[in-house]
Amino acid sequence: MGTAERRGAPRAGGVQMTAHQDAEATDLDSPAREAEVTAREAGVPAHEVGRDMREQQYYRPLWVEEPARRRRLPDPVRTAAVRSVLLIAVTLIQAMVAFLCTMAGSWLAFPMVISSVVSTIVATWGALDVWVTRQVWNQRHGVVSIPSSTARALRRERRRARRQARAAERAQERIRRRGGAGQLSHS
C-alpha cells in the first residue's frame with residue numbers, strides 16, 4: 001500500500017482511498033457503481049455511463065487552491081527576515097564548532113569563539129533589522145490602524161483631491177457637450 005493510499009489522498013475521479021475501510025462497505029459504495037445504478041434507473045445506456053466516468057476520471061486538478069491563513073509579508077520585510085534567519089543559522093553553526101573545538105583542545109577553538117561572538121552581534125543586528133524594517137514599512141504604507149494614523153490622513157486627502165479632480169473633469173465635459181451654451185460672452 002502506497003503513502004498516498006495510507007493518507008487518504010484523492011485518486012482518479014475524486015475517489016478517496018484510505019487504509020481502513022468500513023466492514024459494512026459494499027460494491028455499491030464505489031462511485032462507478034453508484035453512477036451505473038443511477039443511470040440504469042434513469043434509462044441511460046450502460047456504454048454512455050462508462051464514457052462519462054472515464055471523462056470524469058480524466059480531469060483531475062493537480063492541486064487545490066487554499067486561501068492563505070495570513071497575508072504575505074512585504075518584500076523588504078521578507079528579505080530582512082530571510083537574511084536574519086541565515087545569520088542566525090551561521091551563528092549557531094559557529095557556536096557549535098567553537099564548542100566542539102574547545103572540547104577537543106584544538107588550536108581552532110580560540111578563533112572560532114571570537115568569530116562566534118562577532119557573529120552573535122551580527123545576528124542580533126539582523127533580528128533588530130527585521131523589526132525596524134517592518135515598523136518603517138507599516139508607517140510608510142499606512143498599515144497601522146490607529147485612528148490618528150498619519151498615513152490614513154494622507155490617504156483621505158488624496159481621495160478628496162481625486163474626487164474634486166473628477167468632479168471638475170465632469171463639469172468641463174458637460175460644458176463641452178452643451179457646446180458652450182452657458183457662456184456669458186462670445187470672445
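In short, a report on the structure.

### Considerations on the side chain of serine 116
Then step 1. Looking at the element boundaries, serine 116 is found in helix α5 (residues 109-141).
Then step 2. Residue serine 116 is classed as buried on the basis of its relative accessible area, which comes to 9%.
Then step 3. For serine 116, the side chain forms a polar contact with the main-chain oxygen of glutamine 94, separated by 3.2 Å.
Then step 4. Contact partners of serine 116, with chain neighbours within four places excluded, come to Thr91, Gln94, Ala95 and Ala98.

### Considering a nonpolar patch on the surface
Then step 1. A surface patch of nonpolar side chains, about 510 Å² in accessible area, is lined by Phe110, Ile114, Val118, Val122 and Trp125.
Then step 2. Mapping tryptophan 125 onto the fold places it in helix α5.

### A word on the pattern of salt bridges
Then step 1. All chains considered together, the criterion is met by four salt bridges.
Then step 2. For arginine 78, the salt bridge identified is with aspartate 75, shortest N-O distance 2.4 Å. Separated by three residues within a single helix, arginine 78 and aspartate 75 lie in helix α4 (residues 75-104), roughly one turn from each other.
Then step 3. In this structure, arginine 83 and aspartate 129 form a salt bridge, with 3.4 Å as the shortest nitrogen-oxygen distance. Of the two residues, arginine 83 is situated in helix α4 and aspartate 129 in helix α5; the sequence distance between them amounts to 46 residues.
Then step 4. Salt bridges here are not isolated pairs; linked through shared partners, they connect Arg72, Asp75 and Arg78.

### Observations concerning the side chain of threonine 133
Then step 1. Following the sequence through the fold, threonine 133 ends up in helix α5.
Then step 2. For threonine 133, a relative accessible area of 18% translates into the label buried.
Then step 3. Setting aside its immediate chain neighbours within four residues, threonine 133 contacts Pro76, Val77 and Ala80.

About the criteria used
- Residues numbered from 1 in each chain as written.
- Predicted model: local features only at pLDDT ≥ 70, side-chain atom pairs only at ≥ 80, totals over all residues.
- Heavy atoms only, no water.
- Helix = DSSP H or I, 4+ residues; strand = E, 2+ residues; numbered from the N terminus.
- Buried < 20%, exposed > 50% of the residue type's maximum accessible area, 1.4 Å probe, protein only.
- Polar contact = N/O pair within 3.5 Å; in protein donor to acceptor, adjacent residues only side chain to side chain.
- Contact = heavy atoms within 4.5 Å.
- Patch = residues over 30% accessible without salt bridge, like charges linked within 9 Å, V, L, I, M, F, W, Y side chains within 5 Å.
- Areas by Shrake-Rupley, 256 points an atom, 1.4 Å probe, with all protein chains shown as cover.
- Salt bridge = Lys/Arg side-chain N within 4 Å of Asp/Glu carboxyl O.

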